[in-house]
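Residue-level structural notes
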Amino acid sequence: MKISLLEPLGIPEERVEELAENLKKEGHTFTYYDKRTTDIEELKKRSKGQDIVMVANNPYPDEAVMAADKLKMIAVAFTGIDHIGLKACKEKGVMVCNCAGYSNQSVAELVIGMTISLYRKLGQCDTAVRSGATSNGLTGMEIRDKIVGIVGCGRIGIQTAKLFHAFGARVLAYARHEKEEWEKEGIHASSMDELLAKSDIVSIHLPLNNETKGFLGKDKIEKMKRGSILINCARGPIVDNGALAIALQEGKIAGAAVDVFDMEPPIPADYPLSHAPNTLLTPHIAFLTQESMERRAEIEFRNVYKYVQGMPDNVCTF
């Protein structure tokens, strides 16, 4: 089979070639492109005649899928697949396999880091020291004994809950289906309204789809406990960031830390959250650690290898 990796995976090129060695040994053709592109014509060119294309979080839209004349499988080095042309994949019968689980720890740790940053006012503290100020007005808060609401308690949500629990927080979770391990991990099932009303910290861990787009809108944000904070390291469009900015400006909630937006960074200068108070913004880096880059590359190549062996793994339904 002809296989092309259409973008870098955040690991050295030598490591890419090492991971591809088993495929080459079995007679498959492997092509690696070391420069990312969003140009649709270039994507079509790179995909032409390929049985399998490998991508990460670079958009691979319907037009590219339809133009890939031999395409049978897309290997995605990412958890979410909302950047893939799924309509065309369904029409052409193209299988999509993801790397679910590669960034569980990375995302969970960033959520904790963002919470500590907001609670301990680390940005203001840094500014204070550099400007010759003191600790006046910089009294922080502890995570211990706070109520944390996990919205969407899949693998990343559960890992995040475990870390919060280790800090001494009480964890509530909202999800379609309760899991047996919740009780073991000290996670308590909750309705969405109860979670919003009681939680001091709300962390979003939903996938992005038609049902979750705009899920946390103005009505739900207004139900959040006064003085609470919101963390979003999932997908930007799940939250109405315009409504979130207003809630922050009006002091209805105490703060927000956001890693994902309605578009991939850079975000526009007039984006609502850019000027909202008590806000920590990061440029979609929750998944981005050295360890997670290595894990996702290993999983993606393993997915490809299993597919060519007739034993596909991590197959996505859509």
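Report on the accompanying structure.

Cut-offs applied
- Residues numbered from 1 in each chain as written.
- Predicted model: local features only at pLDDT ≥ 70, side-chain atom pairs only at ≥ 80, totals over all residues.
- Heavy atoms only, no water.
- Helix = DSSP H or I, 4+ residues; strand = E, 2+ residues; numbered from the N terminus.
- Buried < 20%, exposed > 50% of the residue type's maximum accessible area, 1.4 Å probe, protein only.
- Contact = heavy atoms within 4.5 Å.
- Pairing = 2+ DSSP bridges.
- Axes fitted to C-alpha atoms, helices over the stretch in contact; angles between N-to-C directions.
- Parallel < 35°, antiparallel > 145°, perpendicular 65-115°, else oblique.
- Left-handed = near helix turned anticlockwise from the far one by under 90°.
- Nonpolar A, V, L, I, M, F, W, Y, C, P; charged D, E, K, R; others polar.

Tracing the backbone shows Asn 98 in the loop between strand E5 (95–97) and helix H5 (104–119). The exposure class assigned to Asn 98 is buried, which follows from its relative accessible area of 9%. Considered as a pair, Asn 98 and Ser 135 are 37 residues apart in the sequence and their alpha carbons are 46 Å apart. Excluding residues that lie within four positions of it along the chain, Asn 98 makes contacts with Val 76, Phe 78, Thr 79, Ile 81, Ile 299, Asn 303, Asn 314 and Cys 316.

A word on the sheet that holds strand E11 (residues 255–258). Spatial ordering of the open sheet is given by E8-E7-E6-E9-E10-E11-E12, a layout of 7 strands whose pairing is parallel. Pairing within the sheet leaves two strands with one partner each, and these edge strands are strand E8 (187–189) and strand E12 (279–281). Strand-to-strand twist across the sheet, computed as the mean angle between neighbouring axes with direction ignored, equals 20°. Of the pairings in the sheet, the one linking strand E9 (residues 201–204) to strand E10 (residues 229–232) comprises 4 bridges and is parallel in character. Each bridged residue has a counterpart across the sheet, and for Ile 204 the counterpart in E10 is Asn 232. Packed on one face of the sheet, H5 meets E9, E10, E11 and E12 and runs near 150° to E10.

Viewed as axis vectors pointing N to C, helix H1 (residues 13–25) and helix H12 (residues 290–308) meet at an angle of 15°, and their least axial separation amounts to 10 Å. With respect to H12, the element H1 is oriented roughly parallel. As for how H1 packs across H12, the hand of that crossing is right-handed. Where H1 abuts H12, its residues Arg 15, Val 16, Leu 19, Ala 20, Asn 22 and Leu 23 lie against Glu 294, Ala 297, Glu 298, Phe 301, Val 304, Tyr 305 and Val 308. Here the contact of H1 with H12 is built from residues that sort into 9 nonpolar, 1 polar and 3 charged.

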